[in-house]
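Examining the three-dimensional arrangement
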Amino acid sequence: MSLSLVIGCSLAYISLLFLIAWWVDKRAERGVSVVNNPYIYALSLAVYCTAWTFFGSVGRATTGGLSFLGVYLGPTLLAPLWYMMLRKIILISKNQRITSIADFISSRYGKSTTLGVIVTVIAVLGIVPYISIQLKAVTFGINTLTHFRSGTAPGPTAFWLDSGFWVTVAMATFTGVFGTRKLDPNERHEGLVAAVAFESIVKLISFSAVGLFVTFGIYNGFGDLFTQATLREDTAKMLTFESSGITPFSWNVLVMLSLFAIILLPRQFHISVVENTSPRHIPKAMWVFPLYLLLINIFVLPIALAGKMMFDASIHPDTYVLSLPLEKGAAWLALAAFIGGFSAATSMIVVEATALSIMFSNHILVPLLIRMRSIGSNNLVNGAARLLDIRRLSILLMLFLAYLYQKSVGSTYDLVSVGLISFTAAAQLAPVVIGGLYWKRATHQGAVAGLIVGFVIWAFCLPLPSMAQAGIISGTFVKEGLFGISFLKPYALFGVTGIDPITHAAFWSLLINTWTYAIVSVNTQPSMLSLTQADLFVNIHKYISGHEYDILKREAKIGDLKSVLNRYLGETRTLALLNDYQAISRTVLEEQQTAQADLVSFVETNLAGAIGAASARVVIDSVAKEEPISLDEVMRILDQTREAVQHSRIMEEKNEELKMLTLQLTNANVQLKQLDRLKADFITTVTHELRTPVTSIKSLSKIILDDHDRLDDERRTTYLQIIVNESDRISRLINQVLDIEKLRSEEPVQQMEQLELTEIVLHAVAGMQQLLTERNIQCSVTPTDLELPVYGNRDKLIQVVVNLLSNALKFCDPQKGRIDILLRQKDKFVFFGIRDNGPGIPVQARQLIFEQFTQLHSKEQGKPHGTGLGLYITKKIVEQHQGSIRVESEPGHGAFFEIILPLSEPSNRVLEKNAY
Amino acid sequence: MQISGNSAKILVVDDEPNIVIALEYLLQREGYEVQKAYNGQQALDCMENWTPDIVVLDVMMPGMNGFEVARRLREIPALELTKIIFLTAKGTQRDKESGYASGAEYYMIKPFDNDVFISTVNEIMAYG
Amino acid sequence: MADDRSSQLIILFFVFVVLLNAPILQIFDRKELWFGMPALYFYLFFIWLVLIVVVGLIVRKKRK
């Protein structure tokens, strides 16, 4: 067969793939999703079946018998759990906008950059051998078709150099063009998925065609083929594990490895999770995909047996799928089989390289470039174009690495052996992913430690010895152990021998990886963000209403959204944000209106900047969902945003305090102003009160001084008496002012004794008699013989009576002044009442008059009398005697003040004293 | 230096009797005829049938205050020539202005100097 | 009920893990032909098919 025919058919096939992808993308742009279909989803999952399956399984079967099936039974076994596990991973990933397995792991452990880098490194280095076998298979296939039994094959080195290199270049170009046609923020590529699904059909049909040709064309069905196989020793060996040298342990490990691989291989994660259009497709995929695997494996053993029976060692078993039709002259079938294998290889390379390039650019290159500030974030178009260039560069880099690996190491191993190295690497992610999904306590440190330990053991046990065997590095450590320590032989760790290298490496790396992960997790504290993410991953169903993320429509009251924003961003920023939204969407938001999904998302995105994406989601869900948020969730949010919340709470408290303080200050200020005014009034009054007696004293004393020879004795005596009285008046005033200070300190009254109120009243009236007479005021005390025992300070009580008397005197009618003092006793109280016939006290002033510095100003009354302290002092003294004072007044008919003091029986007082 | 034959009439209005006593003595010593009133109403009543040349008026008094008394006095045509001297403890500029506005010619602040007071009265009587 | 299904599928997983792994597998690791097929080949594909059918039946059950 000519090379040009093979290349022509390959190019035609690739063109067909482009056409399919282009058509599907075109439909997707118009809103019609072709790949939103469970069968296409299941078929796209069959990207799992690569050139390994197509060519390698047959080769594997010739040496390992049925052990090749382990690789497909693992995924089959896991399928029932997809219903819970895959759905959970998908929900989390859609919820978190996760774009790769590295992103998933990094996100789970607190959005760790370190983990993103580690997982990317493991994935890229681990998967390179896997890609290399695809290159090798294609090269192998071309070689078989063009040089089958021709005997003119050029020398291996020169041939591989040319063919393998150009296959790599072609694949890199194809993948670069195909996988990076556009930049999608969700990393969804519908065209790619459709092409992959199509390729799965091609793979299955062409492989089955070869199988049917071999089983029913060359042989007469399964019975004939198997019966013949039992007759030959070499083929009979392939029919049981025991005879083909497969230990039960290595089978179990192989099943486990592939069980992990179906979800953890970067391309599998990409297709089953990132490209998933709806979790509703899972149930159907759960049986369609295993069925596909079953169908594509039925003819592996028959083809292997047939090849073994028909060919000698000169034909490599990995090429039987092509060699058998060629041998029997079915060249077109061989070409179709090649296209099938080519299809398997291209789908694997395209998806794997796309997935790896996403990881590589998102977790390594872009962060690096951002740090170097070489991405112009101000130009979005350029930025996107640059990102695509970065992707293409990553793809090229990985394919080149794969080519190097294949050329230096891979060429000495069969396809499956190399592929299993990659499976073992991918399996290192299993503990952190499974733990991450179901074990909340797992920490970032645990994940980092587990992954590094697992990866190092894997590298030490698998790729390094193979590189040593290829002569790239010194091989002494393989035979003698690392640093000559015999416990550290890569194929016999801890002295355990008799296990094949893959099983050996998988067992030790996974065991120690898991232990490290668990032990470090238990002994470290997760960060707040890690805790939140852990809860979100482990309890994803709490965070998602319904299972349909793609039709998830969230609604919330604008008022609620506003209050949420207020809480986290503050009022100013909230207002600015909502104004922005109104401007962009040209709508007017009203408090009670229901916000549509886009506003909810807008709010969430902006909130995410402040409190983190996960918390923002939970917070928004708390107002966007019908059911109330659970206490546990609230605690989680609080954990992460505790500081923020505390801060805002403190701010609120401070705000309240400030408001209180402001209020108090305002009140105090009003009081101070009032007090200030009162004091000013007081000073004016006191000044006036001082000036008046001083005027008399000054004037009269000057008269006496100037006219001492002219004044008669009577006048001189009168004037001198006035001077004395007025001096007393000044002293009294000064004493009153001083009394205020004493009363303010509220000290208990000193020198309390048993007193007789009637006697005190009569004494006080006698003292005022001259003043009363001068003013022509009639004063009566009734009755004068009542015994009114009180307990108190004599001077103070006299002061009370004098104050009230002076008060009455001041306000008395100027012409016919009259003051009546009424004494009485009722129950256990004594009453002292004093009535004048002055203008009375207006209703509004009745309480005020007892306050200090208060004086009555009015046109009718003109000048206020006294200091404004008298009644205040009176009231205070009465209160110190456990009494009270009240006033009655009818304007125009005088005022009546009454003091009520407790009656004090001398006998009671004695008894009380004895009691102590 | 009593000036005999001085028949000028002066009304003293103050609610402080002791001040009235002092003023009465001082003015009588100068030979003036003195009438006393202890509040505004008494003062106005007194002037109904007695026209003083000078009224010495306190401001802060019970009932009608001095400014009011001065205003009412100015409304009586018969008292057109009567001079008003405020003699008060209220000494602010505003009080003085109120005093002049109410129709007073002089404003003196308590406590006053006997000689200053008498010479003021004498001046008024001599030069009008 | 979704919960019933989950439990059934989890049980199914463990049953088939046992059926498709050593040592149960070793019972069928015989040099015999069953229905014209090697015993192990027949057993593996038969169990495989059973698993597919059972999973298909469980997920196809209509929700009430």
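Read on for an overview of the structure. Predicted model, so just to flag it, every value in this text is computed and none were measured.

Turning next to the sheet that holds strand β10 (residues 884-889) of chain A. Across a sheet, paired strands are connected by hydrogen bonds in the backbone, their directions being either parallel or antiparallel. Residues and elements named next belong to chain A. Strands sit in the order β6-β8-β9-β11-β10 across an open sheet of five strands; the sheet is mixed. In the strand order of this sheet, the two ends are held by β6 (778-782) and β10, each with one partner. The mean angle between the axes of side-by-side strands here comes to 15 degrees, regardless of whether they run parallel or antiparallel. The pairing of β10 with strand β11 (residues 895-902) spans six bridges and is antiparallel. Of the residues in β11, the one forming a bridge with Val-887 is Phe-897. Where helix α35 (residues 794-811) meets the sheet, it contacts β6, β8 (818-826), β9 (829-836), β10 and β11, and its direction lies at approximately 25 degrees from that of β9. Across the sheet, helix α36 (residues 870-880) touches β10 and β11, and the angle it forms with β11 is around 25 degrees.

A separate point is the interface of chain A and chain C. With 37 residues of chain A at the interface, the matching set in chain C holds 34 residues. Summing both sides of the interface, chain A and chain C together bury roughly 3,100 Å²; the carbon and sulfur share of this comes to 79%. Area buried by chain A at its contact with chain C is led by Leu-77, Tyr-83 and Trp-287 of chain A, which between them contribute 20% of it. At the junction of chain A with chain C, the criterion picks out zero salt bridges. Scanning the region where chain A abuts chain C turns up four residue pairs in polar contact (both at pLDDT 80 or more). Among the elements that take part in the side of chain A that touches chain C, helix α15 (residues 282-298) of chain A stands out by supplying nine residues, more than any other. Residues that form the side of chain A that touches chain C fall into these classes: 28 nonpolar, eight polar and one charged.

Let's shift gears to the packing of helix α6 (residues 101-108) of chain A against helix α7 (residues 113-147) of chain A. Residues and elements named next belong to chain A. Interhelical geometry of α6 versus α7 gives an angle of 150 degrees and a closest axis separation of 8 Å. The orientation of α6 with respect to α7, classified from their angle, is roughly antiparallel. Regarding α6 and α7, the two cross each other, and that crossing is right-handed. Here Ile-101, Ala-102, Ile-105 and Ser-106 of α6 lie close against α7, whose contacting residues are Leu-115, Gly-116, Val-119 and Thr-120. Tallied by class, residues from the contact of α6 with α7 come to five nonpolar, three polar and no charged.

Reading the values: the criteria
- Residues numbered from 1 in each chain as written.
- Chains lettered and ligands numbered in written order.
- Predicted model: local features only at pLDDT ≥ 70, side-chain atom pairs only at ≥ 80, totals over all residues.
- Heavy atoms only, no water.
- Pairing = 2+ DSSP bridges.
- Helix = DSSP H or I, 4+ residues; strand = E, 2+ residues; numbered from the N terminus.
- Axes fitted to C-alpha atoms, helices over the stretch in contact; angles between N-to-C directions.
- Contact = heavy atoms within 4.5 Å.
- Buried area = accessible area lost by both parts, 1.4 Å probe.
- Salt bridge = Lys/Arg side-chain N within 4 Å of Asp/Glu carboxyl O.
- Polar contact = N/O pair within 3.5 Å; in protein donor to acceptor, adjacent residues only side chain to side chain.
- Nonpolar A, V, L, I, M, F, W, Y, C, P; charged D, E, K, R; others polar.
- Parallel < 35°, antiparallel > 145°, perpendicular 65-115°, else oblique.
- Left-handed = near helix turned anticlockwise from the far one by under 90°.

Interpretation note: all reported values are geometric properties and have no functional meaning in isolation.
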